[in-house]
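This is what each chain is made of:
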Amino acid sequence: MREMTEPTSMTIGFIGLGNMGSGMTRNLQKAGFPLIVNDIRRGSADELVAGGATWADSPAEVASGSDIVITMLPTPRHVEAVAFGARGILAGIADGGTWIDMSTSVPEVTERVRAENPHRGLRILDAPVSGMSVGAASGMLQIFVGGDPSDVERVRPVLEAMGDPERILHVGAAGTGYAVKLMINQLWFSHLVATAEVLAIGTKAGVDLEVLRRSLIASPANSNFVQNDVLSILDDGDYDEGFAIALACKDLGLSIDLARSVGVPAELSGLVEQIYRRAKAQYGDSAGEMTPFKLYEDLAGTPLRRATEVSA
């Protein structure tokens, strides 16, 4: 985790202090950035305020006191809610101000902001992240930024306080950051479903679980999911409740919407979405994002777990 040797005078406004935002703001604070924060839950800011951050009662108040406003929110609907209205970001942000939306979202909200405020000179970047809450806490998130190149470079020190400098990527024009993140999520969810299915079938056919996994790793079918991500389930029965399956289903729906908007069929992605929604219906909205794996464990009649003495 990186810390600046001296504080910066650039004040960062941050809206959204959930599982991701809480870690991101702690790292901004450790890097020396003064913070103004807001969340639907006042108590989520207590630790930050104790460390010197300022609480704001509204997104407008955050924006009026900040050089850069960052949002990290669950859905496009939440992004829209904090952007508009008498207490929204647009009511407080100065002309020429900078807003970085780091939510997993879609371009429609920020496009509406640009369309309705053409003469204000607002600098808006979409910069969603990968790395889950662990990456947010460690300050090693992957960040995919869409927007003007000069704006990206200007805010890079802020992004580097939250992410791995080697994996902060400028991916193109406004909106492309959102698209890249949705495609990453879609492929990862597809890897999870495919891996669960293969391991359930193979072990039911009599193959030792770890023998099967290592055979997959040694083959052209290997993936980072098979080699690394699945171990949280196979070793610990951890389905990652830090990211709720309801949010995973939201992301899958956004991905399908994107496919529809660009006219590309998404049959496989649609099936993965159905499997995720089935798991949400069966195990509840707050179940972990990897819970669809449990569907296949239940069908196989046993949890898929490695022997305790097996090392990764």
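Now for a description of the structure that goes with this document. (Residues numbered from 1 in each chain as written. Predicted model: local features only at pLDDT ≥ 70, side-chain atom pairs only at ≥ 80, totals over all residues. Heavy atoms only, no water.)

1. Observations regarding the pairing of strand β2 (residues 35–38)
So, step 1. Residues L35 and V37 line one face of β2 and the alternating positions I36 and N38 line the opposite face, and both faces are buried.
So, step 2. Across 4 bridges, strand β1 (residues 12–15) lies against β2 in parallel orientation. Within the sheet, the bridge partner assigned to G13 lies in β2 and is I36.
So, step 3. In the classification by handedness, the crossover that spans β1, the intervening helix α1 (residues 19–30) and the parallel β2 is right-handed. (Buried < 20%, exposed > 50% of the residue type's maximum accessible area, 1.4 Å probe, protein only. Helix = DSSP H or I, 4+ residues; strand = E, 2+ residues; numbered from the N terminus. Pairing = 2+ DSSP bridges. Right-handed = clockwise from strand over helix to strand, strands pointing away.)

2. As for the environment of D298
So, step 1. Take D298: it is sitting in helix α15 (residues 292–300).
So, step 2. Through-space distance from the C-alpha of D298 to that of A200 is 9.3 Å; in sequence the pair is 98 residues apart.
So, step 3. Once you skip the residues sitting within four places of it in the chain, D298 turns out to touch Q282 and Y283. (Contact = heavy atoms within 4.5 Å.)

3. Points about α15
So, step 1. Listed in full, the buried residues belonging to α15 are P292, F293, L295, Y296, E297 and A300.
So, step 2. In the core, the buried residues of α15 are packed alongside α9 (176–204), α12 (231–236), α13 (245–262) and α14 (267–283).
So, step 3. A positive phi of about 85 degrees marks G301, the residue just after α15.

4. Observations concerning the packing of α1 against helix α8 (residues 149–162)
So, step 1. Viewed as axis vectors pointing N to C, α1 and α8 meet at an angle of 115 degrees, and their least axial separation amounts to 8 Å. Here α1 runs over α8; the crossing is right-handed. Between α1 and α8, the contacting residues are M24, N27 and L28 on the first element and V158, A161 and M162 on the second.
So, step 2. The residue inventory of the contact of α1 with α8, partitioned by class, reads 5 nonpolar, 1 polar and no charged. (Axes fitted to C-alpha atoms, helices over the stretch in contact; angles between N-to-C directions. Left-handed = near helix turned anticlockwise from the far one by under 90°. Nonpolar A, V, L, I, M, F, W, Y, C, P; charged D, E, K, R; others polar.)

5. Some remarks on the packing of aromatic side chains
So, step 1. Enumeration according to the criterion identifies 3 aromatic pairs in this entry.
So, step 2. Centroid distance W188 to F189: 5.8 Å. Interplanar angle 75 degrees. Geometry classified as edge-to-face. Accessibility assignment for this pair places W188 and F189 in one class, buried.
So, step 3. Summarising the aromatic geometry, the rings of W188 and F225 are spaced 5.4 Å apart at their centres and angled 70 degrees between planes, so their arrangement reads as edge-to-face. With W188 in helix α9 and F225 in helix α11 (residues 224–229), this residue pair connects regions lying 37 residues apart in the sequence. Both residues of the pair, W188 and F225, belong to the buried class. (Phe/Tyr/Trp six-rings, centres within 6.5 Å; stacked < 30°, edge-to-face > 60°.)

6. Here we look at the side chain of S58
So, step 1. Looking at the secondary structure, you find S58 in the loop between β3 (54–55) and α3 (59–64).
So, step 2. Given a relative accessible area of 6%, S58 falls into the buried group.

7. A word on the packing of α9 against α15
When two helices pack together, their arrangement is given by the angle between the helix axes and the distance between those axes.
So, step 1. Look at α9 against α15: their axes get within 9 Å of each other, and the N-to-C directions meet at 15 degrees. In terms of orientation, α9 and α15 fall into the roughly parallel class. Crossing hand, α9 versus α15: right-handed. Facing α9, whose interface residues are L192, V193, T195, A196, E197, L199, A200 and K204, α15 presents P292, F293, Y296 and A300. (Parallel < 35°, antiparallel > 145°, perpendicular 65-115°, else oblique.)

8. Things to note about the environment of C249
So, step 1. Turning to its location among the elements, C249 is positioned in helix α13.
So, step 2. On a C-alpha basis, the gap between C249 and E289 in space is 8.7 Å, while along the polypeptide they are 40 residues apart.
So, step 3. Apart from the residues within four sequence positions on either side, C249 is in contact with Y276, R277 and K280.

9. A look at unusual backbone geometry
So, step 1. The backbone of M132 sits at a positive phi, close to 60 degrees, despite the residue not being glycine.
So, step 2. Structurally, the position occupied by M132 is in helix α7 (residues 132–138).
So, step 3. Located in the positive-phi region is D240, a residue other than glycine, with phi close to 60 degrees.
So, step 4. Structurally, D240 is set in the loop between α12 and α13.

10. With respect to the pattern of salt bridges
So, step 1. The final tally for this structure, using the stated rule, is 19 salt bridges.
So, step 2. In this structure, R42 and D46 form a salt bridge, with 3.5 Å as the shortest nitrogen-oxygen distance.
So, step 3. With a relative accessible area of 38%, R42 lands in the partly exposed category.
So, step 4. Overall, D46 belongs to the partly exposed group, its relative accessible area being 47%.
So, step 5. With a shortest N-O distance of 3.2 Å, R306 and E210 are connected by a salt bridge. (Salt bridge = Lys/Arg side-chain N within 4 Å of Asp/Glu carboxyl O.)

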